[in-house]
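Read off the chains here:
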Amino acid sequence: MVLKIFFPQCCNRADSGLLVGRWISGHDSAVVLAVIHYPFIPGQVKQYVQQMQAQSGVELSVLGSWSLPKEGQEGMESFLRDLSTIFPQERWLQIRRQMGKTGFTCEVLSRDQNAVAAQRRVKKQKKEEEEDGDAEEKEEDEEKVIFVHYEQRKVMLSQLHPIDSGDAKTDPPSELRQVFQTVALSQPLFFLDKYDDGPLKSTHWQSEGREASIIVELLKQASVPLCLLLSWMLSVWTWICSVRIFNFYPLRFLSSKLSTCVQLSYRTEHMKTLSSPKPAAGHTQFMRKANMLVSVLVDVALGVLLMSWLYRDDHITMLANTLVPAADHVAKELDQLLQWLMGAPAGLKMNRALDQVLGRFFLYHIHLWISYIHLMSPFIEGILWYGGLSACLGLSFALSLLSDMVALFTFHIYCFYVYGARLYCLKIYGLSSLWRLFRGKKWNVLRQRVDSCSYDLDQLFIGTLLFTVLLFLLPTTALYYLVFTLLRLVVVLFQGVLHLSVDFINSFPLFAVGLRVCRSYRLAEGVKFRVLCDEPGVALHLLMEINPLKVSTVVQTYRTPTYSCYPRDSWLALVKKLFVGELIYPWRHKTTKAD
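Residues numbered from 1 in each chain as written. Predicted model: local features only at pLDDT ≥ 70, side-chain atom pairs only at ≥ 80, totals over all residues. Heavy atoms only, no water.

The name recorded for the protein in an unreviewed UniProt entry is Phosphatidylinositol glycan anchor biosynthesis, class Q, from Acanthochromis polyacanthus.

Participant: Would you explain the UniProt feature "transmembrane region" (unreviewed entry) in the protein in this entry?
Facilitator: In the numbering used here, UniProt assigns the feature "transmembrane region" (unreviewed entry) to residues 229-249, 292-311, 357-376, 383-410, 416-438, 459-483 and 489-513. The distance from the first to the last C-alpha atom of residues 357-376 is 29 Å, and the span holds 100% helix and 0% strand. Secondary structure across residues 489-513 comprises 92% helix and 0% strand; the distance between its end C-alpha atoms is 34 Å. (UniProt positions renumbered as here; feature names shortened; annotations may be inferred. Helix = DSSP H or I, 4+ residues; strand = E, 2+ residues; numbered from the N terminus.)

Participant: How should I be thinking about the nonpolar core in this particular structure?
Facilitator: A general tendency of soluble globular proteins is for nonpolar side chains to be buried together. Among the nonpolar cores identified, the biggest contains 42 residues, and Leu 18, Val 31, Leu 33, Val 45, Tyr 150, Leu 189 and Met 544 are the most heavily contacted of them. Once residues lying within four places of it in the same chain are set aside, the contact partners of Leu 189 are Val 20, Leu 33, Ala 34, Tyr 48, Met 52 and His 204. (Core = buried A, V, L, I, M, F, W, Y, C linked by side-chain atoms within 4.5 Å. Buried < 20%, exposed > 50% of the residue type's maximum accessible area, 1.4 Å probe, protein only. Contact = heavy atoms within 4.5 Å.)

Participant: Any chance you could explain the packing of helix H10 (residues 283-310) against helix H13 (residues 395-409) here in plain terms?
Facilitator: Packed helices, taken two at a time, are described by their axes: the angle between them and the distance between them. Running from N to C, H10 and H13 cross one another at 60 degrees; their axes reach a closest spacing of 6 Å. Here H13 runs oblique to H10, going by the angle between their axes. Contact residues: H10 offers Asp 299, Leu 302, Gly 303 and Leu 306, while H13 offers Leu 395, Ser 396 and Ala 398. Tallied by class, the residues present in the contact of H10 with H13 amount to 4 nonpolar, 2 polar and 1 charged. (Axes fitted to C-alpha atoms, helices over the stretch in contact; angles between N-to-C directions. Parallel < 35°, antiparallel > 145°, perpendicular 65-115°, else oblique. Nonpolar A, V, L, I, M, F, W, Y, C, P; charged D, E, K, R; others polar.)

Participant: Explain helix H11 (residues 315-341) here, please?
Facilitator: Since the α-helix packs 3.6 residues into each turn, any two residues three or four apart lie on the same face. With 27 residues, H11 ought to run about 39 Å at 1.5 Å a step, and its terminal C-alpha atoms sit 38 Å apart, in line with that. Every buried residue of H11 is listed here: His 315, Ile 316, Ala 320, Val 324, Ala 327, Ala 331, Leu 334, Leu 338 and Leu 341. Here the buried face of H11 lies against H10, helix H12 (352-388), helix H14 (411-438) and helix H15 (457-507). (Expected span 1.5 Å × (residues − 1).)

Participant: Is there a simple way to explain the pattern of salt bridges in this structure?
Facilitator: Between side chains of opposite charge, pairing is possible as soon as their charged atoms come close. In total, this model carries 8 salt bridges according to the counting rule given. Notably, a salt bridge pairs Arg 91 with Asp 28, separated by 2.8 Å at the nearest N-O pair. Here Arg 91, found in strand S5 (residues 91-96), pairs with Asp 28, found in the loop between strand S2 (17-23) and strand S3 (29-37); they are 63 residues apart in sequence, far enough to count as distant. When salt bridges that share partners are traced, they join Lys 528, Arg 530 and Glu 545 into one network. (Salt bridge = Lys/Arg side-chain N within 4 Å of Asp/Glu carboxyl O.)

Participant: Which parts of the structure should I look at to understand a nonpolar patch on the surface?
Facilitator: Together, Leu 226, Leu 229, Trp 232, Met 233 and Val 236 give the surface a local cluster of nonpolar side chains, amounting to about 520 Å² of exposed area. Relative to the helices and strands, Leu 229 resides in helix H7 (residues 214-241). (Patch = residues over 30% accessible without salt bridge, like charges linked within 9 Å, V, L, I, M, F, W, Y side chains within 5 Å. Areas by Shrake-Rupley, 256 points an atom, 1.4 Å probe, with all protein chains shown as cover.)

Participant: Got a minute to help me understand the confidence of the model for the protein in this structure?
Facilitator: Mean pLDDT over the protein: 80, with 85% of residues reaching 70 or higher. Per-element mean pLDDT across the protein ranges from 47 in helix H3 (residues 113-128) up to 92 in helix H16 (residues 510-518). Every residue in residues 137-143 is under pLDDT 50, and counting partners more than four places away or in other chains gives 7 contacts. (pLDDT = per-residue confidence, 0-100.)

Participant: What's the story with the packing of H12 against H13 in this structure? I'm lost.
Facilitator: Packing of H12 against H13 leaves a shortest axis separation of 12 Å and a crossing angle of 170 degrees. Our classification of the angle between H12 and H13 gives roughly antiparallel. Where H12 approaches H13, its residues Trp 369, Ile 373, Leu 384 and Gly 387 are matched on the opposing element by Leu 401, Met 405, Leu 408 and Phe 409. Across the contact of H12 with H13, the residue classes break down as 7 nonpolar, 1 polar and no charged.

Participant: What am I meant to see in the packing of aromatic side chains here?
Facilitator: When we look at a pair of aromatic rings, we describe it by the centre distance and by the angle of the planes. As enumerated under the stated definition, the model contains 21 aromatic pairs in all. Seen in terms of ring centroids, Phe 7 and Phe 147 are 6.4 Å apart; in terms of plane orientation they differ by 80 degrees. Their pairing is edge-to-face. Residue Phe 7 is found in strand S1 (residues 3-8), and its partner Phe 147 is found in strand S7 (residues 145-150); the two are separated by 140 residues along the sequence. On the accessibility criterion, Phe 7 (0% relative accessible area) is buried. Owing to a relative accessible area of 0%, Phe 147 belongs among the buried residues under this scheme. Between Phe 104 and Phe 147 the ring centres are 5.3 Å apart and the planes differ by 80 degrees, which places this aromatic pair in the edge-to-face class. (Phe/Tyr/Trp six-rings, centres within 6.5 Å; stacked < 30°, edge-to-face > 60°.)

Participant: Would you take a moment to explain unusual backbone geometry for this structure?
Facilitator: Geometrically, the link from Tyr 38 to Pro 39 is a cis peptide bond, its omega value of 5 degrees lying close to zero. Of note, Pro 39 is situated in the loop between S3 and helix H1 (42-56). In this model, His 161 is joined to Pro 162 through a cis peptide bond whose omega is 0 degrees. Of note, the phi angle at Asp 313 is positive, near 60 degrees, even though the residue is not glycine. With respect to the helices, strands and loops of the structure, Asp 313 is situated in the loop between H10 and H11. Accessibility expressed as a relative area gives 59% for Asp 313, which makes it exposed. In this structure, Asp 314 is a non-glycine residue whose phi angle is positive, near 55 degrees.

The following block contains the structure:
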């Protein structure tokens, strides 16, 4: 078996002392976390290790000794070797480094004292043997040990992916994952630095001083009262929303269909999560909270920029003065389109009576809509002025409000589409039902299938007349349905772009992507090894480097779940709905087939 020793790079030039770390259970490997310097009292070392083990929850122990010869410490190596009797272990690591050399020499001592004494005698015999035999025996011994050097700070702060769910039914963690977890959970061991007045001194990545930030500490102190204030404000808002008047059907129905209300409820859930005084339970919850916080801050910053542009140089007045002429222009174009459909569009011969009825019906709606727009024109500037204030809540609120305003100002196009779709759908289902009548079939509503049926002569005669009438009226209805469906699809496409923009702002993991760009080692996909030293007579030394997670994987892993603004059906189902005349993005979904 090959013994793998994960050794921190910060301890390569540490003073002689004891190695503190952990043996990886189930694997023939050890993780070195720190070196406790000489002089020390063994009883104090034991007490310190037990205290760190209780705080971190990691099975820490004294793995062995570390020797870096200096002047005046000729007997240090033999003294450290004898400490194996005070710190009983199954195996005692005796690691030694000579000045001027890159590699280490490692001697593994067993727990049996006779074996230790035998190893000492073997060592004395080796010194007396010839140089060739000595080199061969050392090579045989040191081939069993591999040193894996790692950067302790990066391993402690990184998170190995995929993230372990912690389920007991899953496979036990791998050796590499246990190494990362051991270093991450041993943070209390890294609080001891050279400025402490305690009896023990150690070397680790923070031994020269603790890494901290005054700004971060101040934010931590200020976050507690801020979270309490935010929680109180959210509780008041929740109480207002729970008033019975808002639970009535019209208000509840409108709030579920307006994009602004949906975005407001979504942000309220975000703020409830952020204002919770409980710390994050794990890495996943921490990243979720951090992504939410950064998303809210960036959203509000973009909203403030938009609001500053709107209220500068009378842009709102310009928009209000442009809106009414644009509505008139759209109505004029629709009027010309209907006049074209009421004639002979593209040389097609329509049913004149039905064509005139449908054309006048839609023209009447256009005139009603234009009258409504001109009636509201004095209040449009005020609506835009107060609506622009919603941008202070974030750019997503402004985009949601814009989507609602587009839906409101194109409501006549939606009505035209609904009228045409219902009429076209009625004829399609009528023709399909009458076609089954010709074949002696009918739709069984209870069994949801087509069954055989016998019809008398009167039923067949009336069915033939109705089928002929519906068939010859179908082209006229289909033309109106096609035109208004295309107009509706243009509006839906524009609203879809707005909804996708809002969904992108809400769900994109800005914090995780920023962490991947600035500190790629924090999100690790795996590791790679590079040979540091392969000199004869010393153990093999490898350098462990962290492979960062791909940006696409970061987005997929840490994307914040949002309300779905995507079509529920596939493209094939969408085309089928358009062909048979069913509403796209309907308010009430159809669950059963009706004949």
